[in-house]
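Residue-level structural notes
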Amino acid sequence: LVGAATAAPMADPAAEFPAPFREKGMDIGRIYYFGESVLLPDWRGRGIGHAFFDRREARARELGFAMASFCAVVRSPDHPARPSGYSPLDPFWHARGFAAVEGVVGTFRWKDLGNAEESD
């Protein structure tokens with residue numbers, strides 16, 4: 001196993017994910033949510049990430065969804081959890097036709113590594 005990708009109808013994921021879309025009046029029943037997409041560093045740059053997106057997009061079309069979406073973590077450039085040598089994936093997403101949706105921003109609580117409690 002060198003990577004994995006998940007996807008599901010937006011109406012299925014945890015309540016926090018669709019909330020920002022609902023707040024903007026978007027019909028979450030028309031949106032297919034792309035969840036995690038991870039790939040080991042040694043396997044990047046070989047087209048596997050594109051294959052993940054191709055297959056998820058094809059499945060969304062098969063099921064009749066009008067749109068696809070995913071979340072990206074937004075942290076400050078000096079955040080201690082930012083990996084060394086971090087390279088934003090924005091160019092990858094933009095090349096596939098994705099763009100940030102103005103005003104669709106969610107806040108999620110989780111316990112970061114090294115923290116005693118959850119934070120936003």
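Residues numbered from 1 in each chain as written. Predicted model: local features only at pLDDT ≥ 70, side-chain atom pairs only at ≥ 80, totals over all residues. Heavy atoms only, no water.

**A few points about the sheet that holds strand β1 (residues 3–9)**
- Pairing is mixed in the open sheet, where three strands are placed in the order β1-β2-β3. In this open sheet, the two strands that pair with only one neighbour each are β1 and β3 (67–70). Mean inter-strand twist for the sheet, computed between neighbouring axes without regard to direction, equals 25°.
- As paired strands, β1 and strand β2 (residues 31–39) are joined by six bridges and run antiparallel to one another. For Ala 4, the partnering residue across the bridge sits in β2 and is Val 38.
- Packed onto the sheet, helix α2 (residues 48–62) meets β1, β2 and β3 and runs at close to 160° relative to β2. (Pairing = 2+ DSSP bridges. Helix = DSSP H or I, 4+ residues; strand = E, 2+ residues; numbered from the N terminus. Axes fitted to C-alpha atoms, helices over the stretch in contact; angles between N-to-C directions. Contact = heavy atoms within 4.5 Å.)

**As for the packing of aromatic side chains**
- A full pass over the atoms with the stated rule returns eleven aromatic pairs.
- Their ring planes at 80° and their centres at 5.6 Å tell us that Phe 34 and Phe 53 sit as a pair that is edge-to-face. A residue pair is termed long-range when its members are at least 10 positions apart, and Phe 34 in strand β2 and Phe 53 in helix α2 qualify at 19 residues.
- The exposure class of Phe 34 is buried, given its relative accessible area of 1%.
- A relative accessible area of 4% places Phe 53 in the buried class. (Phe/Tyr/Trp six-rings, centres within 6.5 Å; stacked < 30°, edge-to-face > 60°. Buried < 20%, exposed > 50% of the residue type's maximum accessible area, 1.4 Å probe, protein only.)

**Notes on the pairing of β2**
- By the bridge criterion, four bridges tie β2 to β3 in an arrangement that is parallel. If you follow Ile 31 over to β3, its bridge partner there is Met 67.
- Handedness of the crossover joining β2 and β3 through α2: right-handed. (Right-handed = clockwise from strand over helix to strand, strands pointing away.)

**Some details on α2**
- Counted at 1.5 Å a residue, the expected span for α2 with its 15 residues is 21 Å, and the 21 Å between its end C-alpha atoms agrees.
- Taken as a whole, α2 has its buried residues at Gly 49, Phe 52, Phe 53, Arg 56, Glu 57 and Ala 60. With its buried residues spanning 120° around the axis, α2 presents them on a single face. Residues of α2 that are exposed and point over 90 degrees away from its buried face: Arg 55, Arg 61 and Glu 62.
- Looking at the buried positions of α2, the neighbouring elements they touch are β1, β2, β3 and α3 (90–95).
- One or two positions beyond α2, positive phi appears at Gly 64, with a value near 85°. (Expected span 1.5 Å × (residues − 1). Arc of directions from axis to C-beta.)

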